[in-house]
Amino acid sequence: MSNQARHRMSELINEIRDHQFKYYVLDAPTISDSQFDSLLKELTALEAKHPELREADSPTAHIGGGFATQFEQRDHIEKMMSLDNVFDFEELTAWFDRIEKETSNPVYLCELKVDGLAINLTFENGQLVRGLTRGNGVTGEDVTLNVKTIKNLPHTLEGSKLPTLIEVRGEVFFPLAAFNELNDGLEESGKTIFANPRNAAAGSLRQKDPRITAQRPLSVVVHGVGARTGIEFESQSKAYQLLAELGLPTSDRFKVCSTRAEVKKFIEFYEEHRHDVEHEIDGVVIKVDSISEQERLGFTSRAPKWAIAFKYPPEEVTTKLLDIKVSIGRTGRVTPFAFMEPVKVAGSTVTNATLHNAEEIVRKGVLIGDVVVIRKAGDVIPEVLGPVIERRTGNEKAFVMPTKCPECGSTLRAMSEGDVDIRCPNTQQCPAQLRERIYYIGSRAALDIDVLGYEAAVALLDAKIIVDESDLFDLTPEKLSTSEFFIKKDGTAGANVAKLIKALEEAKTRPLWRTIVALSIRHVGPTAAQALSNHFASIEKIAQATAQELADIDGVGATIAQSIVEWFDLDWHRQIIKKWANAGVTVIAQEITQLPQTLAGLTFVVTGGLESFTRDGISETIAAHGGKASSSVSKKTDYVLAGSDPGSKLAKALELGVPVIDEASFKQLLQG
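Criteria and cut-off values
- Residues numbered from 1 in each chain as written.
- Predicted model: local features only at pLDDT ≥ 70, side-chain atom pairs only at ≥ 80, totals over all residues.
- Heavy atoms only, no water.
- Helix = DSSP H or I, 4+ residues; strand = E, 2+ residues; numbered from the N terminus.
- Buried < 20%, exposed > 50% of the residue type's maximum accessible area, 1.4 Å probe, protein only.
- Contact = heavy atoms within 4.5 Å.
- Areas by Shrake-Rupley, 256 points an atom, 1.4 Å probe, with all protein chains shown as cover.
- Core = buried A, V, L, I, M, F, W, Y, C linked by side-chain atoms within 4.5 Å.
- 1 Å grid on protein atoms, 1.4 Å probe; cavity = no way out; pocket = protein on both sides within 12 Å on 5 of 7 lines; lining within 4 Å.
- Points joined across faces, edges and corners; volume = space filled by probe spheres on them.
- Nonpolar A, V, L, I, M, F, W, Y, C, P; charged D, E, K, R; others polar.
- Pairing = 2+ DSSP bridges.
- Axes fitted to C-alpha atoms, helices over the stretch in contact; angles between N-to-C directions.
- Left-handed = near helix turned anticlockwise from the far one by under 90°.
- Salt bridge = Lys/Arg side-chain N within 4 Å of Asp/Glu carboxyl O.
- Polar contact = N/O pair within 3.5 Å; in protein donor to acceptor, adjacent residues only side chain to side chain.
- pLDDT = per-residue confidence, 0-100.
- Phe/Tyr/Trp six-rings, centres within 6.5 Å; stacked < 30°, edge-to-face > 60°.
- Lys NZ or Arg CZ within 6 Å of the ring centre and 35° of its normal.
- Expected span 1.5 Å × (residues − 1).
- Arc of directions from axis to C-beta.

> With reference to specific residues and values, describe the overall build of the protein chain.
Of the regular secondary structure elements, the protein chain holds 25 helices and 20 strands. Within the span of the protein chain, comprising 672 residues, buried residues form 47% of the whole. A fraction of 66% describes how many contacts in the protein chain between residues 6 or more apart in sequence connect residues 24 or more apart. A total accessible area of about 32,900 Å² is found for the protein chain, and carbon and sulfur atoms account for 50% of it.

Structure follows, in structure tokens:
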């Protein structure tokens, strides 16, 4: 039944994406809205029944399927950072300790963390000229026309002294009362309802027709500032005061706190009253109030050091645990999961939840037949917290971990001393591991191969077109034609044949670190893979390295090093490398070894638009030539590269005396 469900879900996803493309991109739909809603509803129901099979980028997880439609991609003047999170007062205390070690007697500002869609609003000489979604923090989607339909957002700032330029950061949200009213209307008309207000806000803001957005009662609240010229703030709280005087919608639910106790009191108050607010919140943001202290504390690569988000526990519900089953992952890990009576939690219906491993089941004292408490960890992955002891009837029974692999019959065991997980040791031939590895190779996390989804992986193995991943890049249309999955009813090649062959050719050119990830070496994810690629520049050198040489690399360490050594000790693993290399897959990071390191030891900050480089491209170019691209200007910055329409970073560079160069000068540096 699980395989049937997986196959049907794969069919639905492909069909829905095809119709979304025709509707959102080509503006040429071939089915009615009701027919499309029926497909989406069927997929939604299957995902609720089999959440363990749900793809991370499923159409049900993205409003409009995630297509960019006509929205242009634009760079933020100043990067939109994320926030680091803490989940209890012990973690918050550690953050306080770090702040107060570098700052004497800091004052904190506490505000609600609105669960909405991050937006960046740019005003020039008082006029709203641009609205961008966060995107990847550097580049977002231009949704200016839709943003201008939000009723509480002014198009022109108030006051006599207006900033020349200001980027205002905020959250677009759906008021809860309006959200419930919208969903009631959608349900009455037989349409798919929104899972939560955040999805509704995102979907409404990304409508192709701004008139539709205008019909949705969206609101916005501003809570930060990016690039700015002609206006300065001495503190976060004063910034909010000035933003309000400019006519911008700020929140009055913030408080300046001089002690940790006051911060804790604010957090506890809104945790108790989180459902009394007109919009959804998922925590409290704590910031150092002083702007000068913020600048001194600085940023990590992704988040300000001077701010932290205290996340409230996600929603918890109870349901009956009907059974405990196990699944086998791509590295052989046996993962127990709970099969439960369907229950709605954090906006979606779930029937399965993770139990991690046998030791965790014992620690939590969970029995089959228990009424259990579940939550969505991070509001995404369902997790069993524990049993409701007082509701036991005496008919419950303990879970017994299987001793044999349910897929290949191999004896399950811990693979190393102290390992709490048990694994199927039959890594080469276990059908479950083979399926998961092939599927993983095609995923976005690895080589991002179009068509190579779970069902394609199953079809390739079932038809014995491939024995394992070593055969993957030797596929031909003739070989694929032996599987019903890849041919039409009339016996001719289906469209997926050409797509897969083309995608495999493109995958051969992916960077070395992606090839390393695709090998499914235990513990080796993107961070470790990039560290290995940068250090060794070839898979052969990685294979020849000792455990100590590997462990000494920043980002690797002893545990990962041992896994790498053990992986390359197996002849059939080396055969994969050999066959992939013969097929033309990247096994040497040629681009790194060939480029002269003319920027070695230099730190650059880029501001404004460049003619010859994209924002991502300039960072990659700097790194490839040995330099470092930073997001903020400091005395340690060697050069600020200024393009057209530079932001506040240029002023900061002039203030600190950092050399400013143009694009032509940068190219001269590249040439040495």
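So that's the structure; there's more coming.
> Give me the lowdown on the nonpolar core, citing residues and values where you can.
Membership of the largest hydrophobic core comes to 60 residues, with the highest contact counts inside it found for I449, F473 and L532. Breaking this core down by element, the ones donating at least two residues are helix 12 (431-442), helix 13 (454-462), helix 15 (495-507), helix 16 (512-518), helix 17 (526-536), helix 18 (539-544), helix 20 (557-568) and helix 21 (571-583). When sequence neighbours within four positions are dropped, the list of residues in contact with L532 reads I516, V524, A537, I542, L550, I553, V556 and I564. With 34 residues, the next largest nonpolar core counts I119, I150, L157 and L218 among its residues.

> Before we move on, could you go through unusual backbone geometry and cite the residues and values that matter?
At V451, a residue that is not glycine, the phi angle is positive and equals roughly 85°. Here the phi dihedral of A537 falls at roughly 65°; this positive angle occurs in a residue that is not glycine. Its place among the elements puts A537 in the loop between helix 17 and helix 18. Its relative accessible area of 9% is what places A537 among the buried residues.

> Describe in detail empty space enclosed by the protein, supporting the description with residues and values.
Evaluation of the coordinates by the stated rule reveals 1 cavity of 30 Å³ or more. For the largest cavity, the calculated volume is near 30 Å³. In the lining of the largest cavity, the residues fall into 4 nonpolar, 1 polar and 2 charged.

> I'd like a description of the sheet that holds strand 8 (residues 219-229), backed by residues and values.
In space, the 4 strands of this open sheet follow the order 5-4-7-8, with antiparallel pairing throughout. Only two strands of the sheet have a single partner each, and these edge strands are strand 5 (127-133) and strand 8. With direction set aside, neighbouring strand axes in the sheet form an average angle of 25°. Pairing between strand 4 (residues 117-124) and strand 5: 6 bridges, direction antiparallel. The residue bridging N120 from the neighbouring strand is L132, located in strand 5. Across the sheet, helix 6 (residues 197-205) touches strand 4 and strand 7 (165-173), and the angle it forms with strand 4 is around 40°. Along the sheet face, helix 8 (residues 236-245) touches strand 7 and strand 8 and points at about 110° away from the line of strand 8.

> Any chance you could break down the packing of helix 3 (residues 89-102) against helix 9 (residues 260-272) for me, citing the residues and the numbers?
Between helix 3 and helix 9, the shortest axis-to-axis distance is 12 Å and the interhelical angle comes to 145°. For the pair helix 3 and helix 9, the sense of crossing is right-handed. Contact residues: helix 3 offers F89, L92, T93, F96, D97 and E100, while helix 9 offers R260, V263, K264, I267 and E268. A class-by-class count of the residues in the contact of helix 3 with helix 9 yields 5 nonpolar, 1 polar and 5 charged.

> Quick rundown of the pattern of salt bridges? Include the residues and the values.
Inspection of every chain in the model, using the stated rule, returns 24 salt bridges. Put simply, R435 and E407 hold a salt bridge, and the shortest N to O gap is 2.8 Å. Of this pair, R435 sits in helix 12 while E407 sits in the loop between strand 16 (381-387) and helix 12, and the two are 28 residues apart along the sequence. Owing to a relative accessible area of 36%, E407 belongs among the partly exposed residues under this scheme.

> Describe in detail the sheet that holds strand 3 (residues 108-114), supporting the description with residues and values.
Strand order in the open sheet made by the 5 strands is 2-11-10-3-9, with mixed pairing throughout. Every interior strand has two partners, whereas the edge strands, strand 2 (85-86) and strand 9 (254-257), have only one. One ladder, built from 6 bridges, connects strand 3 with strand 10 (residues 281-288); its direction is antiparallel. Each bridged residue has a counterpart across the sheet, and for L112 the counterpart in strand 10 is V284. Sitting on the sheet, helix 3 touches strand 2, strand 3, strand 10 and strand 11 (307-311), and the angle it makes with strand 11 is about 170°.

> Which residues make up the pairing of strand 3, and what are the values?
Within strand 3, 7 of the 7 residues are buried, leaving the element largely enclosed by the surrounding structure. Here 4 bridges tie strand 3 to strand 9, and the two strands are oriented antiparallel to one another. Residue L109 lies in a different strand from strand 9, and its bridge partner there is V256.

> Lay out the environment of E469 with the relevant residues and their values.
Structurally, E469 can be placed in the loop between helix 13 and helix 14 (477-480). When its relative accessible area of 3% is taken as the criterion, E469 is described as buried. Residues E469 and L434, 35 residues apart in the sequence, show an inter-C-alpha distance of 7.8 Å. Ignoring sequence-local partners within four residues, the contact set of E469 consists of L434, R437, I438, I441, W572, I576 and W580. A polar contact is formed between the side chain of E469 and the side chain of R437, at a distance of 2.7 Å.

> I'd like to hear about the side chain of T637, residue by residue, with values.
Note that T637 resides in the loop between strand 18 (628-630) and strand 19 (639-642). At 3.0 Å, the side chain of T637 and the backbone nitrogen of S634 are in polar contact. Apart from residues lying up to four places away in sequence, T637 is in contact with T603, V605, S632 and V658.

> Account for the confidence of the model for the protein chain, with residues named and values stated.
Taken residue by residue, the protein chain gives an average pLDDT of 85. The fraction at 70 or more is 88%. Ignoring residues within four places in sequence, the model shows residues 23-27, a span with pLDDT below 50, making 11 contacts including any to other chains. pLDDT under 50 marks residues 63-69. Its contacts with residues more than four places away, or in other chains, come to 18 contacts.

> Hey, could you go over the packing of aromatic side chains for me, with residue numbers and the actual values?
Under the definition given, this model contains 16 aromatic pairs. Summarising the aromatic geometry, the rings of F96 and Y108 are spaced 4.9 Å apart at their centres and angled 65° between planes, so their arrangement reads as edge-to-face. Note that F96 is positioned in helix 3 and Y108 in strand 3, a separation of 12 residues in sequence. Overall, the relative accessible area of 3% leaves F96 in the buried class. An aromatic cluster is built from F604, F613, Y639 and F666, whose rings are joined through pairwise contacts. The ring of F339 is capped by K325, whose NZ or CZ atom sits 4.5 Å from the centre of that ring.

> Outline helix 9, listing residues and values.
Over its 13 residues, helix 9 extends 19 Å from the first C-alpha to the last, a length consistent with the 18 Å expected when each residue adds 1.5 Å. Listed as buried for helix 9 are V263, F266, I267 and Y270. On an axial view of helix 9, the arc spanned by its buried residues comes to 95°, and they lie on one face. Residues of helix 9 that are exposed and point more than 90 degrees away from the buried face comprise A261, K265 and E272. The elements touched by buried residues of helix 9 are helix 3, strand 3, strand 9, strand 10 and strand 11.

> Help me get a handle on the side chain of T335, residues and values and all.
Residue placement: T335 occurs in strand 13 (residues 334-345). T335 gets classed as buried once you look at its relative accessible area, which sits at 16%. Among the polar contacts made by the side chain of T335, one reaches the side chain of R333 at a distance of 3.0 Å. Setting aside anything within four residues of it in sequence, one finds T335 in contact with K325, V326, S327, T354 and H356.

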